[in-house]
Every structure is written in structure tokens, then in C-alpha cells.
Amino acid sequence: MWFSSTPAAPRRCSLTSSCDDAEDVGANPAGILREQSATPASPAATLAMSTKDNLPEDHRLANKPVPFRTMRWSNLFIPTLRDAPADAEAVSHKLLVQGGFIRQLHAGHYSLLPLGFRVHEKVAAVVRSEMDAIGAQEFRLPAMHPAAIWKKSGRWDVMGDEMFRLIDRKGAETALGMTHEEIFTDLALEITSYKALPQIWYQIQTKFRDEPRPKSGLLRVREFDMKDSYSFDIDDAGLDINFDRHHDAYVRIFDRLSLPAMPVQASSGAMGGSGSIEFMVPSPAGEDDVVRCAACGYAANVERATSALPPIPDRDIAELTKFPTPGVRTIAALAKAEGGAGAVHQIKTMVMVLDDAITLALVRGDHQLNVQKLQDHTGAIDIRPATPEETVEHLGASPGSLGPVQVDGIRIIADPSLEGRSGLATGANEDDWHWSGVDIARDINVTEFADLREVRAGESCSNCGEKLEIVRCIEAGHIFKLGTKYSEVLGAHVLDPDGEKRHLVMGSYGIGIGRGMAAAAETHHDDNGLIWPVSIAPYEAVITIVSLKDEASVTAGEALYNELQQRGIDVILDDRDARAGVKFADAELIGIPYRVTIGPKALVDGEVEFTPRATGETSRVGIDAIVDQIVAEITTAR
Ligand SMILES: [Zn+2]
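What you see is a predicted model; the values in this text were computed from it and never measured.

Trainee: Help me out: how do you make sense of the overall build of the chain in this one?
Mentor: Secondary structure summary: the chain contains 20 helices and 31 strands in total. Put simply, the chain has 638 residues, and 42% of those count as buried. For the chain, contacts bridging at least 24 residues in sequence account for 72% of all contacts bridging at least 6.

See the structure below:
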């Protein structure tokens with residue numbers, strides 16, 4: 001394990017405030033007590049200790065376990081709070097702050113405190129080991145990029161306000177990277193022969209995103225660590241293999257993180273490319289809606305999802321007629337108005353501005369436009385609803401009386417649910433007037449039909465006809481087939497066996513480390529706090545000494561602590577001079593998976609108490625058996 005304790009490692013000594021520990025080691029575990037009351041070494045003495053020549057003989061031999069003062073609660077910085085922050089809504093936000101894992105510096109930027117960093121690094125270690133297992137090679141690229149390379153790829157504009165940009169003292173434009181397609185592709189220019197392919201490259205590195213509304217603790221931030229990887233192949237078949245490899249690696253990663261992540265079809269957004277799968281963790285704190293069919297397993301982001309609609313029999317109104325609708329401004333009002341029509345017989349007209357061009361997006365009266373679908377279909381970079389002024393300028397009326405009938409010279413994109421329909425009602429582009437008897441083919445210059453509508457819960461699955469549900473989710477990972485989008489614009493190509501120039505076929509794959517940590521907190525908690533999965537818990541086990549006044553308890557606690565460390569368990573000794581209730585509450589709040597409680601009464605019987613955090617059920621275990629039991633449980637759970 002990446003983070004498990006390595007008791008014999010001498011380098012840790014320089015992290016402690018005193019090297020006296022070493023002389024207490026092994027022979028007399030209880031001697032640690034003396035260390036706690038000892039005067040800490042001066043900074044200068046510590047510095048001197050940190051040079052190899054000055055180390056005591058024991059350290060150079062390095063075979064004896066060195067107890068780490070850093071794993072004694074009394075010496076650690078674990079600032080747990082009595083109450084969760086008042087402004088926090090997401091459970092992970094509350095518990096990570098309350099448990100002393102994170103602190104906000106400013107909106108969207110968090111400091112990871114020691115506990116938080118331990119969890120973060122354990123998540124990173126799981127991701128790293130699974131990336132290494134598929135043959136990915138680790139890099140570390142700069143966070144600050146020159147504007148030129150982003151301009152070359154065309155994304156300097158695409159990224160809009162999301163990208164942090166700054167100008168250096170020489171006047172050069174730079175940006176803080178949100179992702180690294182451009183930078184990795186630039187490195188791939190050095191691949192010249194097909195023989196070097198395939199390659200999978202990755203890094204775990206800090207990204208920046210100028211999020212307009214940072215919130216929910218680590219879930220929506222402006223600065224975050226991400227694992228991003230990139231595959232380079234000679235052809236689509238190779239990309240398919242590496243995409244599937246990543247898919248499988250992600251399934252293993254989320255399994256090891258105990259995250260119930262489901263792969264779902266997704267929009268490619270600003271990344272471009274064809275295939276796109278998100279790994280979604282159901283959670284009320286999420287920001288994505290996933291459409292899911294329990295019967296056949298269909299799952300897609302609402303930005304991409306489709307459903308089967310029952311046909312609507314058209315009303316038998318053949319003649320296009322304008323009728324007065326004083327004060328009618330909504331679909332619901334038109335449904336009730338004299339001469340009006342039910343929502344399924346209305347056209348809803350959304351006036352949008354796509355890269356400065358007025359565009360009408362049409363959906364059925366009872367449907368909602370999904371803007372991401374419109375963006376994916378058109379490839380528009382900047383997309384927004386028209387202002388009332390723009391609407392009046394282009395259509396001659398205010399919102400509420402708008403429609404596409406007899407509109408010329410404006411791009412009109414209609415949802416397929418309107419194709420072939422007739423007998424419809426819609427606004428007449430004249431305040432207080434509507435049309436009835438609208439025939440789509442006859443009366444509207446539809447430029448193109450495209451899936452624009454947002455699927456609703458309860459609609460029928462396109463695959464199997466069963467009812468669809470919508471689940472709120474956290475996006476924990478995302479894998480894309482990029483194709484040659486970046487290699488073409490940046491000139492990354494190789495010569496194939498026939499000496500022909502071929503652009504590299506790329507994939508791009510991301511997992512947010514802090515977000516994975518937050519998703520685990522969202523998924524694993526109860527009223528008393530966090531319940532970390534063993535694989536990413538800040539410590540795997542805590543030994544709680546109930547009474548420091550009881551010498552036998554202290555001796556037993558120290559001995560157990562040393563033994564568990566030697567067995568490779570990531571253990572913390574709660575040696576604080578505090579009430580037992582406080583210690584129990586803190587251990588539960590920060591979510592350590594296993595607690596061993598050493599109390600004077602049980603100890604008289606040669607026993608300790610063992611409490612898994614997940615069940616909260618305490619059992620008595622013989623002090624001779626407890627180490628084997630913990631090692632067995634934790635080894636299995638890792
Ligand atoms: Zn289905």
C-alpha cells in the first residue's frame with residue numbers, strides 16, 4: 001500500500017521533534033510515556049539530528065521499529081469541530097470540515113489538513129496503481145501554459161470564462177490548465193513511428209477552473225487535483241482497446257474506493273470526439289441527472305439521454321388561424337385560453353443566441369429544452385437565451401407570444417417529437433396573439449430536426465419500454481474518445497508501416513482525486529460522522545486508551561500500537577488526556593474503520609473492546625487475539 005506505515009524507515013525520524021523515540025523502541029514500549037513528558041529538542045538540535053552522520057546507531061541500522069510521534073493523537077493537528085459549518089449543505093462538506101480534514105482558504109480553494117491529505121493521497125494511490133496496471137506511464141506537466149498552444153487547438157476561445165488567464169511581466173498571455181490535451185499532444189510530437197505505439201500517459205496534477213459558483217466543499221472547486229490520462233494509437237481499433245482498458249481500470253478503481261459508480265453515456269461537451277462515458281455516483285449532493293432503466297440497464301446523462309414517446313394524435317384543425325389571446329404568456333395559460341390547446345399540441349419556442357447568431361429551438365409545449373443537447377448538436381461555443389430586447393428586434397414580440405410560423409432567415413432547430421405534427425398552437429410574434437392549426441411541414445421553415453428535449457422520469461425506455469427513472473449523481477470520472485481532433489491541429493503524426501503519415505488517434509480520461517474523496521464521504525457516513533472505506537481511511541485503526549491514569553492500560557495500548565505498526569497497519573494511538581466520550585465521538589466523526597478500546601475493567605480479564613465503525617457493534621476480544629483479528633479484517637478490506 002502506498003500509504004501504509006513502514007516502521008523501519010529511518011527517514012521518518014527527521015519529521016519528529018525528537019529522536020529520543022528510537023532509544024525507547026522495542027525493548028520498553030511503555031517507555032514512550034517518558035517521551036511525552038520530555039522536553040522537546042530545540043529546532044537546532046532537530047536539524048542536527050536530520051543529517052545522517054548524526055543519527056544514533058539504532059537509526060543507521062534501521063531495522064528496529066521507530067514509533068512515530070506523528071501517529072499519536074496527542075501530537076497531531078486534528079481540529080475537529082463541535083458543529084458543522086452553518087453554510088455547508090452537502091454532507092461531505094459538513095463532515096470534512098467538522099472532522100478536521102479541510103479548511104476553506106477562499107471560495108473554491110481548500111487546504112487539505114493532515115487527515116485530509118492522507119485520504120487524498122490514498123485515493124491517488126489507488127488511482128495510480130490501477131493506471132500503472134494498464135501500462136500507463138506517469139508524467140508531471142506544468143500547471144501554467146502559454147496561450148499559444150491553446151490558441152492553436154482552438155480552445156483558447158472555447159474555454160471562455162472557465163479558464164484562468166493571466167499576463168506575465170513580459171506581456172505574454174498564459175493560462176492555468178483545466179486539462180492537458182494540448183500539452184500532452186505537444187509532447188507526443190516526438191513519437192515518430194507507429195512502432196512506438198500505443199502509448200498511455202498520465203499525471204496526477206493540479207487543475208484550475210474559474211467556476212462561477214464554487215460550492216459543496218470539494219465537490220465544486222476552482223483548484224483541484226486530477227488524474228488525467230491520454231492514449232495514443234495508430235487507428236480507431238487501437239483507441240477502442242485503450243478506451244476499454246480505461247473503462248475496466250475505472251471500474252476497479254471505484255470498486256476499491258467503495259464508490260457505487262455506474263458508467264453512463266455522456267455528452268462530450270467542449271472536449272470533442274465521439275465516445276464519452278461518465279462514471280456516476282448516486283448522491284443528492286451531485287450536480288448531474290442520470291436517466292436510468294432498472295429493467296435493461298440503460299443509463300445516460302440527461303444531457304444525452306433519449307426516451308420513447310407515445311404518439312400524439314393531432315387535432316383536426318387544418319386551417320392556420322390567428323386568434324386573440326390577451327394576457328396569455330405561458331404554455332399553461334394558452335392551454336386554458338379560449339381557442340387554445342393542451343401543452344402537447346403547442347410548440348414551445350426558445351430564442352437562443354449561438355455564437356452571436358439568433359437561433360430558434362423548438363420543442364413540444366410540455367417538454368424542456370436541454371441546452372447541452374443544443375450545444376452538442378450545433379458545436380456552438382457561446383450559448384445563451386436571447387435578451388427580451390433581442391427577441392423584439394428579431395421576432396417583433398416579447399417572450400410569451402413568440403413562435404416560428406413564417407419566420408425566415410433564422411436557423412430553426414426542432415425536436416423530432418414535432419416532426420410531421422399538425423393542428424398545433426403557438427405564438428404569433430405579435431403580443432396577445434397566437435396561431436392555431438399550425439402544420440410543421442407547411443408553416444415552419446425548419447432548418448433541421450435534432451434531439452433537443454430533456455427526458456423526464458416515468459417516460460418509456462427506448463430499449464425495452466419500461467419506465468425510466470432519474471437519479472441525481474456526482475460525476476466521479478469521465479472517459480472520452482477524442483479521435484484525431486488534437487493531433488490534427490497540433491500536428492502529431494507518425495509514419496505507418498507503408499511510410500504514410502497518420503495522425504495519432506487519441507483518448508482522454510479523467511478522475512478527480514478530491515472529488516472521489518468527497519463522493520466517498522457522501523456515500524459513507526451516518527449521524528455520528530464519516531465511515532471511510534478501509535482503502536482510503538486516514539487511519540485504518542485507532543487504539544483508544546480510556547484512562548491515562550491506569551498504567552496497565554497505557555502499557556497495553558503502547559504495546560498494541562507498536563505491534564500493529566509492525567504488522568503494517570496504519571494505526572493511530574488516541575493518547576489524549578480527555579474523557580473517553582470525547583475520544584469515541586472524535587474517532588466516529590473522522591471515520592476510522594476499526595477502534596480498539598483499552599479500559600481498566602476489561603483489561604483485568606485480559607480483554608479489549610473491538611468496534612468496527614460501520615456496525616458500531618462492540619465485542620470483547622482477548623488481548624492476545626486482537627492483533628491477528630485486526631490484521632485479518634483490514635487485509636481483507638483493503
Ligand atoms: Zn430499458
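Trainee: Help me understand the confidence of the model for the chain in this model?
Mentor: Detailed reading of the predicted model is not advised wherever pLDDT is low. Residues with a pLDDT of 70 or more make up 88% of the chain, whose mean pLDDT is 89. Scored below 50 in pLDDT, residues 1–62 shows 84 contacts in the model against residues more than four places distant or in partner chains.

Trainee: What is the right way to look at the sheet that holds strand E16 (residues 383–385) in this model?
Mentor: Strand pairing within a sheet occurs via backbone hydrogen bonds; the two strands may be parallel or antiparallel. Overall, mixed pairing links the five strands, which are arranged E16-E14-E15-E17-E20 in an open sheet. Every other strand in the sheet has two partners, leaving E16 and strand E20 (448–449) as the edge strands with one partner each. Relative to strand E17 (residues 411–414), strand E15 (residues 357–364) is paired through four bridges, and the arrangement is parallel. By the bridge assignment for E17, Ala-361 is matched with Ile-413. The sheet strands contacting helix H12 (residues 371–378) are strand E14 (347–354), E15, E16 and E17, and the helix crosses E16 at an angle near 135°.

Trainee: Is there a simple way to think about the environment of Glu-558 in this case?
Mentor: By the element assignment, Glu-558 lies in helix H17 (residues 551–566). Overall, Glu-558 belongs to the buried group, with 24 C-beta atoms counted inside 10 Å. Spatially, the C-alpha atom of Glu-558 lies 9.2 Å from that of Asp-575, the residues being 17 residues apart in sequence.

Trainee: For this particular structure, what's the right way to read helix H18 (residues 580–590)?
Mentor: In an α-helix, one turn spans 3.6 residues; hence positions three or four apart end up facing the same way. Within the sequence span of H18, burial applies to Lys-583, Asp-586, Ala-587, Glu-588 and Ile-590. On the buried face of H18, the contacting elements are helix H6 (114–133), strand E26 (529–530), strand E27 (541–545), strand E28 (571–574) and strand E29 (594–598). Gly-591 occupies a position one or two residues after H18 and carries a positive phi of about 80°.

Trainee: Please explain the nonpolar core as it appears in this structure.
Mentor: Grouped together as the largest cluster of nonpolar side chains are 113 residues, with contacts concentrated most on Val-123, Val-127, Met-280, Ala-476, Ala-541 and Ile-543. Once residues lying within four places of it in the same chain are set aside, the contact partners of Met-280 are Ala-261, Met-262, Val-264, Asp-288, Val-290, Cys-473, Ile-474, Glu-475 and Ala-476. Judged by nonpolar contacts, the second largest core, of 28 residues, contains Leu-360, Ala-414, Val-438 and Ile-440.

Trainee: Can you help me understand the packing of H6 against helix H16 (residues 513–523) in this one?
Mentor: Two numbers describe a pair of packed helices, the interaxial angle and the distance between the axes. Interaxial distance between H6 and H16 falls to 9 Å at its minimum, and their mutual angle equals 110°. The angle between H6 and H16 places the two elements in the roughly perpendicular class. Contacts from Val-119, His-120, Val-123, Ala-124 and Val-127 of H6 reach H16 at Ile-513, Gly-514, Gly-516 and Met-517. Of the residues belonging to the contact of H6 with H16, the class tally is six nonpolar, three polar and no charged.

Trainee: Where do I start with the environment of Leu-490 in this structure?
Mentor: Here Leu-490 is to be found in helix H15 (residues 485–490). By C-beta crowding, Leu-490 is classed as buried, having 21 other C-beta atoms within 10 Å. Separated by 304 residues in sequence, Leu-490 and Asp-186 place their C-alpha atoms 6.9 Å apart. If sequence neighbours within four positions are ignored, Leu-490 has contacts with Lys-152, Ser-153, Glu-182, Thr-185 and Asp-186.

Trainee: Please explain the sheet that holds strand E13 (residues 321–324) as it appears in this structure.
Mentor: The three strands lie next to each other as E13-E19-E18, forming an open sheet whose pairing is antiparallel. In this open sheet, the two edge strands, each paired with only one partner strand, are E13 and strand E18 (424–427). Averaged over all adjacent pairs, the angle separating strand axes in this sheet is 30°, with direction ignored. The pairing of E18 with strand E19 (residues 433–438) spans three bridges and is antiparallel. Bridged to Leu-424 within E19 is Val-438.

Trainee: What is the right way to look at helix H20 (residues 626–637) in this model?
Mentor: Over its twelve residues, H20 extends 16 Å from the first C-alpha to the last, a length consistent with the 16 Å expected when each residue adds 1.5 Å. Listed in full, the buried residues belonging to H20 are Ile-626, Ile-630 and Ile-634. For H20, the buried positions fall inside an angular range of 50° around the axis, keeping them on one side. For H20, the exposed residues lying more than 90 degrees away from the buried face are Asp-628, Ala-632 and Thr-636. Those residues of H20 hidden inside the fold are in contact with E27, H17, E29, strand E30 (607–612) and strand E31 (619–622).

Trainee: Any chance you could explain the pairing of E27 here in plain terms?
Mentor: Here is the key point about a regular strand: its side chains alternate between the two faces of the sheet. For E27, a buried count of five out of five residues is recorded, marking the element as mostly surrounded by other parts of the structure. Taking every second residue as pointing to the same face, both faces of E27 are buried, with Ala-541, Ile-543 and Ile-545 on one and Val-542 and Thr-544 on the other. Sheet topology places E27 next to E28; four bridges connect them, and they run parallel. Counterpart to Ile-543 in the pairing with E28 is Leu-573. Traced from E27 through H17 to E28, the parallel crossover comes out right-handed.

Trainee: Quick question: what am I supposed to make of the environment of Asp-586 here?
Mentor: In this structure, Asp-586 sits in helix H18. Taking the number of C-beta atoms within 10 Å as the measure of exposure, Asp-586 has 21 and is therefore buried. As a C-alpha pair, Asp-586 and Gly-99 span 487 residues in sequence and 7.7 Å in three-dimensional space.

Trainee: Looking at this structure, how should I read unusual backbone geometry?
Mentor: Both trends apply: most residues other than glycine have a negative phi, and most peptide bonds are in trans. With an omega dihedral of 0°, the bond running from Leu-197 to Pro-198 counts as a cis peptide bond. The topology assignment puts Pro-198 in the loop between helix H9 (181–187) and strand E7 (199–208). For Ser-258, which is not glycine, the phi dihedral falls at a positive 55°.

Trainee: Please explain the packing of H6 against helix H10 (residues 236–256) as it appears in this structure.
Mentor: Contact geometry of H6 with H10 gives a least axis separation of 10 Å together with a crossing angle of 150°. The orientation of H6 relative to H10 falls into the category roughly antiparallel. The way H6 lies across H10 gives a crossing that is right-handed. Packed against H6, whose contacting residues are Val-126, Val-127, Glu-130, Met-131 and Ala-133, the element H10 presents Ala-249, Arg-252, Ile-253 and Arg-256 at the interface. When grouped by side-chain class, the residues that make up the contact of H6 with H10 number six nonpolar, no polar and three charged.

Trainee: Looking at this structure, how should I read the pairing of strand E6 (residues 173–176)?
Mentor: The pairing of strand E4 (residues 144–146) with E6 spans three bridges and is antiparallel. Following the sheet pairing, Pro-146 is matched in E6 by Thr-174.

Criteria and cut-off values
Residues numbered from 1 in each chain as written. Predicted model: local features only at pLDDT ≥ 70, side-chain atom pairs only at ≥ 80, totals over all residues. Helix = DSSP H or I, 4+ residues; strand = E, 2+ residues; numbered from the N terminus. Buried ≥ 20, exposed ≤ 12 C-beta atoms within 10 Å, placed from the backbone. Contact = placed C-beta atoms within 7 Å. pLDDT = per-residue confidence, 0-100. Pairing = 2+ DSSP bridges. Axes fitted to C-alpha atoms, helices over the stretch in contact; angles between N-to-C directions. Core = buried A, V, L, I, M, F, W, Y, C linked by C-beta atoms within 7 Å. Parallel < 35°, antiparallel > 145°, perpendicular 65-115°, else oblique. Nonpolar A, V, L, I, M, F, W, Y, C, P; charged D, E, K, R; others polar. Expected span 1.5 Å × (residues − 1). Arc of directions from axis to C-beta. Right-handed = clockwise from strand over helix to strand, strands pointing away. Left-handed = near helix turned anticlockwise from the far one by under 90°.

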